[in-house]
Amino acid sequence: MPQPFSSLNLHFDPLLPFWGIIVLTVICLLVLLFSLLNKSYKGLIWRFIAFSILLIWLSGPMVLKNHQQILPETILIVMDQSSSMMIGNREQIANKALQQLQNKVPTNARIKIINVKNGYQQGTQIFQEIQKATNEIPTSQLGGVILITDGQIHDVPKEFPKYLTLPNKKNIPIYALLPASKEQTDRSLKIIHAPAYTIVGKEATIQVQINDTGDQREENKVATLTIIQEDKQPINIQIPVGKPQNITIPVTHTGKNLISLSVSPLKNEISALNNHQTLYINGIRDKLRVLLVSSAPNQGERAWRSLLKSDPSVDLVHFTILRSAEQNENIPDSELALIPFPINELFMQKINQFDLIILDSFENKYTLPPYYIASIANYVKNGGGLLLIAGPEFAQQFSLQNSPLRSVLPGTVSSPNSIIEQQFKPALTEMGQKHPVTKGLNKENTTWGSWYRYLKADHTEGQFLMQAPDQSPLLILNRVDKGRVALLLSDQIWLWSKGIHEQGPQAELLRRLSHWLMKEPELEEEQLSAFIKNQQLTVEWHTLKNSDQNQEFTVTSPSGSVQPLHFTALKNGEATATIPAKEDGLWKITNGDLTAYAAPQNSDPIEMTDLAVTQQKLLPFLQKHGHVYWLGDNSNRLTIPEMKIVKNNPSVNSSSTMEFPEHVTYTTTKQSIHPVLSPWLALIVGLGSIFMAWYRESFS
């Protein structure tokens, strides 16, 4: 360590205040002047000496002694601890190199170590961490920077940063130690562009590129790209290396479409981790076409219209039927305020273009001939969605339950006496607590607002999600052949939007209900989903069944091995299972009816794009400001350069020594004050001189 030293400075620390010294000086001068005027020279010299010594003592000349020490300069060592440094024995080599560097630190230097991990979705941000560290180190004490890294740094500056520049405008040297003996060979698959959403039934265009690094790079080389899309057979295509290529993949269903891409390995490459890529493409419908028909204006109709109009993905066709096409009554067309309802066009020609039909308080009195009603029933059986909101008209003579639509209805009402008009609060059934359409609607047991009318069904089939106080079904869902039907046995849901007493989840319930009828995946009763995180496969099963017995799930790994999967006990329709998943690629989970796919996702894709130890990213920056050293492949036989502090400009081109500029910076450890003349000695001499002067004047 640097040896301490001292420096001296003259310092006055008067015993008397300044005015006291002035008064004493004036007295001395008057005494001398009096002696000179009276020509009394006896003892004059002694008096002058006495008063001078006394004055010097009282003015307090002191010596200030500074105890100083040369500060050691700081060498910053940056340890790369990103994900790519975990490959092979890189971490072990880096730790051994750090130990040996600590034994080579010069006596007039010290080291500061910082560890750098992955930046969130930004790769390895080493220079960002260096800047933070230099904020705590005075620039005059920073001797240099040593990077122990694999060279995969994603924030290498284009110009030398100011925070590494000395006050004399010289640059601090930077040295990189790489945990290998030479450039490594690696092949990587990079997804340049992939759409987040694609319309179902169309193809998504993905741009990929295969890159080779190391000694085996060749011109016009091709590699095999394997594409696996969920349950489809793998597709192998040949694409050139080093050039962007577009591939097309069909999007077959709504929701997440999982796609796995892998490229054939390169001989002697360092790792195959970056030979695989997985991505999700969300399949969406082009436009959800909804037909809303009511036979008279009502409050519920407005609620449905507002909900569907607010959704930009919905194309709404809305009609309120006030007269049929046959009700012309010999009125000229020019005098008609209303157009006739286009029955044939909607219910015969274009009915299959709609994803959902909503019949709101619809009374079929002289409106639709039976074959048009039968067309709606066939539409449902062939895969369409139908929602009926039933009011008092549903229990009357011209109710839809007395038409060909009865074959698809999940409930019927026998007579007008089944119309119950009283205040009540809707509630979820046990099934409604589990079903995705209504699950969670009554969070924190909130109290819903009251309704005032409902219909008591005498025949029902399907799933009951909501009920009246007498346990009469309010909301019934049912599947009919390929289609789906929902029946709401009350026309009072619009009250929840009016703020009368307590409100209710009107908008959310209607949104979920319409999406279930249109077969959106997130609202299916039986769902199986999976994801992989930290090499753990987690499978989530949502079901309406009361038991998980006789449910044999299997997991197929990317290598083809099959193993059983056991869920924890079902609770409120949910169960989970977790198993290790260390293989890269597509995992399949199924029980024969339900199937889910999962693939590991990199938490930092940038970090795992390039895995080879390389100097290529650092070399342009270090050519003028530092040097690259290869440590070797064996942690027991490392090539560690020496460390040396030099007075002149350091050389950054040495193959065996890292040179750092010498900084001479001092710090004062303590201060001490010492009087020039001992106060007691000055007092004795001063008083003795006065006595001698008095003696000479009195006895001579």
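Residues numbered from 1 in each chain as written. Predicted model: local features only at pLDDT ≥ 70, side-chain atom pairs only at ≥ 80, totals over all residues. Heavy atoms only, no water.

Could you give an account of the sheet that holds strand β30 (residues 536-542), with specific residues and numbers?
Spatially, the three strands line up as an open sheet ordered β29-β30-β33, and their pairing is antiparallel. Strands with a single pairing partner mark the edges of an open sheet, and in this sheet they are β29 (527-533) and β33 (574-580). Mean inter-strand twist for the sheet, computed between neighbouring axes without regard to direction, equals 15 degrees. In the sheet, β30 pairs with β33 via seven bridges, with the strands oriented antiparallel. Looking at the pairing, tryptophan 541 lines up with alanine 575 of β33. (Pairing = 2+ DSSP bridges. Helix = DSSP H or I, 4+ residues; strand = E, 2+ residues; numbered from the N terminus. Axes fitted to C-alpha atoms, helices over the stretch in contact; angles between N-to-C directions.)

Go over the side chain of threonine 134 with me, naming the residues and quoting the values.
Among the secondary structure elements, threonine 134 is positioned in helix α4 (residues 126-134). For threonine 134, a relative accessible area of 8% puts it in the buried group. A distance of 2.8 Å separates the side chain of threonine 134 from the backbone oxygen of glutamine 131, its partner in a polar contact. When sequence neighbours within four positions are dropped, the list of residues in contact with threonine 134 reads Leu142, Tyr163 and Leu164. (Buried < 20%, exposed > 50% of the residue type's maximum accessible area, 1.4 Å probe, protein only. Polar contact = N/O pair within 3.5 Å; in protein donor to acceptor, adjacent residues only side chain to side chain. Contact = heavy atoms within 4.5 Å.)

Would you mind going over the pattern of salt bridges in detail, with residue names and values included?
Summed over the entire model, instances satisfying the criterion amount to 18 salt bridges. The partner of arginine 289 in a salt bridge is aspartate 315, with the nearest N and O atoms 3.6 Å apart. With arginine 289 in strand β17 (residues 288-294) and aspartate 315 in strand β18 (residues 314-320), this residue pair connects regions lying 26 residues apart in the sequence. Residue arginine 289 is classed as partly exposed on the basis of its relative accessible area, which comes to 22%. On the basis of relative accessible area, aspartate 315 is assigned to the partly exposed category, the value being 32%. Salt-bridge contacts for glutamate 524 lead to arginine 484; the nearest nitrogen and oxygen are separated by 2.8 Å. Here glutamate 524, found in the loop between α9 (506-517) and β29, pairs with arginine 484, found in strand β28 (residues 483-488); they are 40 residues apart in sequence, far enough to count as distant. The burial state of glutamate 524 is the same as that of arginine 484; both residues are buried. A single network of salt bridges, built from pairs that share partners, joins Arg479, Arg484, Glu524 and Glu525. (Salt bridge = Lys/Arg side-chain N within 4 Å of Asp/Glu carboxyl O.)

Before we move on, can you summarise the sheet that holds strand β12 (residues 222-229) with the specific residues and values?
If you trace the five strands from one edge of the open sheet to the other, you get β10-β16-β15-β12-β13, paired in mixed fashion. Looking at strand neighbours, the two that pair on one side only are β10 (197-199) and β13 (235-240), the edges of this open sheet. Neighbour-to-neighbour, the strand axes of this sheet turn through a mean angle of 35 degrees, independent of strand direction. Judged from the eight bridges that link them, strand β15 (residues 255-263) and strand β16 (residues 276-284) form a sheet pairing that is antiparallel. Among the inter-strand pairings, asparagine 257 is bridged to a residue of β16, identified as isoleucine 281.

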